[in-house]
Amino acid sequence: FHQGHFPSPGLGHCMLSVLRAPAPLASISRAAIRPVMTAAAAAMTEEESFLFDLNGFLVVRGVFTAEEVAAANAAVDAHAAEELKARGAAALRNAKSGTPMAASGPRMDMGGMLWWQADQSKLFRDMLTHPRLVPYYRALCGEGYRMDHQPLLVAQGPDSEGFKLHGGPISGADGVPQGVFNPELQYRCVHGQLWTSLLAASVQLCDHQPGDGGFCIVRGSHKLNLPVPTDFADGVGSAFAEHIHHPATRAGDVVLWSEATVHGATPWRAERERRVAIYRFAPPNMGYGRGYLDIPPGAMEGLTLLQRAVLEPPYATR
């Protein structure tokens, strides 16, 4: 279809009817889904494209309402006692002791949000194909983008440790060997077309104000040609404070960044608990994680066909 538009209203209605019909994942017709997804999605603006190419990240404001965020937080509360795990053991601590990334408390995390009952999983499932987000996913990962990792909810209490800087197009202290081309985490802009091999999307379930800590990013580092020095990754040295950036966000915002952009988290200093849910998306023919192998039997039943399509294993669109 020319530019993804329906050739007639009748066919458009027919396509939407097809998408509402239940079907197993393997039977989904990409030919049927493609024009609907394309027609529904506007494009990134020229300014947004420029800023992502400049900085390696964007904040999409107000994607979810206060009511939607409150429902998601209530669902997290309902599962926290059994599923939210504190990474307090020495072997599970990420921040190096004695560095600015370290703090007394551990970070906490849990998964499985996509598979909770429908009223509890709505926001987490909506992240897959939300109309506000699809234009960014498609612009940065291409047609047929897919979820690469199962989403992870990260929580931090007051004075809990951060997460050392990682990612980047050149392997750093977290890579073996250090200082070589990292094919899994790349970014390109060719003739004005943006592309990244792995895109992170983090929905904010609380406010992040200046001085709170939490997510941080090194703007422009998606274009690095040298590895990140180990001390810098640990937050040591005057250059860290000068070049690190903490985006101020409100609950309901979504932060998007290329995994080629060096990022991490500083200790959480606010009194309220920090909560974010992090997703990773990839071009259709690329696979870094294996999230498609971690889908419980029968768990797809409540998902729309578009959501199911995003959960497919890697494939070629040609």
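Preceding this section is the structure that the text describes.
Counting restarts for each chain: residues are numbered from 1 in the order of the written sequence. It should be noted that, the model being predicted, local features are given only for residues of pLDDT at least 70 and side-chain atom pairs only at 80 or more, the latter also being counted only at that level, while totals for whole chains, interfaces and linings use all residues. Side-chain metrics rest on all non-hydrogen atoms present in the structure, leaving aside hydrogens and water.

Peer 1: It is not clear to me how the overall build of the chain should be interpreted in this structure. Could you clarify?
Peer 2: Runs of E in the DSSP output that reach at least two residues are strands. Runs of H or I that reach at least four are helices, and both are numbered from the N terminus. For the chain, the count of helices and strands is nine helices and 13 strands. Contacts in the chain between residues at least 24 apart in sequence constitute 83% of all its contacts with a sequence separation of at least 6. Throughout, a contact is declared for two residues whenever any of their heavy atoms are within 4.5 Å.

Peer 1: What is the right way to look at the pairing of strand β6 (residues 187-190) in this model?
Peer 2: Put simply, side chains in a regular strand alternate between the two faces of the sheet. Here, a strand pair is defined by DSSP locating no fewer than two bridges between the strands. Bridging between β6 and strand β7 (residues 193-196) involves four bridges; their strand directions are antiparallel. Opposite C189, over in β7, you have L194 as the bridge partner. Between β6 and β7, which pair antiparallel in sequence order, lie two residues; one of them, H191, sits at a positive phi of approximately 55°.

Peer 1: What is the right way to look at the sheet that holds strand β8 (residues 199-204) in this model?
Peer 2: Across a sheet, paired strands are connected by hydrogen bonds in the backbone, their directions being either parallel or antiparallel. Read from one edge of the open sheet, seven strands run β1-β11-β8-β13-β4-β3-β2, paired in antiparallel fashion. Edge positions in the open sheet fall to β1 (57-60) and β2 (85-86), since each of these has one partner strand only. Alignment of β2 against strand β3 (residues 107-110), held across two bridges, turns out to be antiparallel. Note that in β3 the partner of K85 across the bridge is D109. Sitting on the sheet, helix α3 (residues 46-55) is in contact with β1, β8 and β11 (254-258), with an inclination near 135° to β1. Helix axes are fitted to C-alpha atoms over the stretch in contact, other axes to C-alpha atoms as well, and angles between N-to-C directions run from 0 to 180 degrees. Together, β4 (146-156), β8, β11 and β13 (274-282) form the strand contacts of helix α5 (residues 118-129), whose direction differs from that of β13 by roughly 35°.

Peer 1: How should the pattern of salt bridges be read in this particular structure?
Peer 2: Opposite charge on two side chains permits pairing when their charged atoms draw close. Should a side-chain nitrogen of Lys or Arg be within 4 Å of a carboxyl oxygen of Asp or Glu, the pair is scored as a salt bridge. Following the criterion strictly, the structure yields 13 salt bridges and no others. Residue D148 pairs with R146 through a salt bridge whose shortest N-O separation is 3.3 Å. For the pair D148 and R146, one class covers both residues: buried. A salt bridge links D212 to R272; the nearest nitrogen and oxygen atoms lie 2.4 Å apart. Note that D212 is positioned in the loop between β8 and β9 (214-218) and R272 in the loop between β12 (263-266) and β13, a separation of 60 residues in sequence. Think of it in three bands: residues with accessible area under 20% of the maximum for their type are buried, residues over 50% are exposed, and the middle band is partly exposed, with areas taken using a 1.4 Å probe on protein chains only. Using a relative accessible area of 10% as the deciding quantity, one classes D212 as buried.

Peer 1: I would appreciate a short explanation of unusual backbone geometry in the present structure.
Peer 2: Glycine aside, negative phi is the norm for most residues, and most peptide bonds take the trans geometry. In this structure, D159 is a non-glycine residue whose phi angle is positive, near 55°. Mapped onto the elements of the fold, D159 is located in the loop between β4 and β5 (163-166). Relative accessible area serves as the criterion here: at 30%, D159 is assigned to the partly exposed category. Phi at H191 takes a positive value of approximately 55°, unusual for a residue other than glycine. Summarising the element assignment, H191 is placed in the loop between β6 and β7.

Peer 1: So what exactly am I meant to see when it comes to the nonpolar core here?
Peer 2: Buried together is how nonpolar side chains tend to be arranged in soluble globular proteins. What makes a nonpolar core is a set of buried Ala, Val, Leu, Ile, Met, Phe, Trp, Tyr and Cys residues whose side-chain atoms join them at distances within 4.5 Å. Residues F124, Y279 and F281 are the most contacted members of the largest nonpolar core, which totals 49 residues. Non-local contacts of F124, meaning those with residues more than four positions away in its chain, are made with A72, V76, M113, L114, W116, L153, L205, A277 and Y279. A95, M101, L165 and C216 belong to the second-largest nonpolar core, a separate cluster that totals 11 residues.

Peer 1: Can you walk me through the packing of aromatic side chains in this structure?
Peer 2: Within a pair of aromatic rings, the relevant descriptors are the distance that separates the centres and the angle that separates the planes. Planes of paired rings set the category: under 30 degrees apart is stacked, over 60 is edge-to-face and the rest tilted, where pairs are Phe, Tyr or Trp rings (Trp by its six-membered ring) whose centres lie within 6.5 Å. In the structure shown here, the tally under the stated rule is eight aromatic pairs. Seen from their ring centres, Y145 and F281 are 5.8 Å apart, and the 80° between their planes marks the pair as edge-to-face. Here F281 lies in strand β13 and Y145 lies in the loop between α6 (134-141) and β4, a separation of 136 residues in the sequence. Seen in terms of ring centroids, Y279 and F281 are 6.2 Å apart; in terms of plane orientation they differ by 5°. Their pairing is stacked.

Peer 1: Explain the environment of L51 to me, please; I cannot follow it from the model alone.
Peer 2: Topologically, L51 is positioned in helix α3. On the accessibility criterion, L51 (29% relative accessible area) is partly exposed. Beyond its immediate sequence surroundings of up to four residues, L51 is in contact with G56, F57 and L58.

Peer 1: What's the story with α3 in this structure? I'm lost.
Peer 2: An α-helical segment advances 3.6 residues per turn. Residues three or four places apart therefore align on the same side. Buried within α3 are the following residues: E48, F52, D53 and N55. Positive backbone phi, approximately 85°, marks G56, located one or two places after α3.

Peer 1: Would you take a moment to explain the environment of A66 for this structure?
Peer 2: Counting through the fold element by element, A66 comes out in helix α4 (residues 66-83). The spacing of A66 and C206 is 140 residues in sequence and 10.0 Å in space, taken between C-alpha atoms.

Peer 1: Would you explain the pairing of β4 in this entry?
Peer 2: Most of β4 sits inside the fold, with 10 of its 11 residues counted as buried. As judged from the four bridges shared by β3 and β4, these two strands associate in the antiparallel manner. In the strand pairing of β4, R107 is matched with Q156. Examined bridge by bridge, β4 and β13 share eight bridges and lie antiparallel to one another. Looking at β13, one finds that R146 is bridged to A282.

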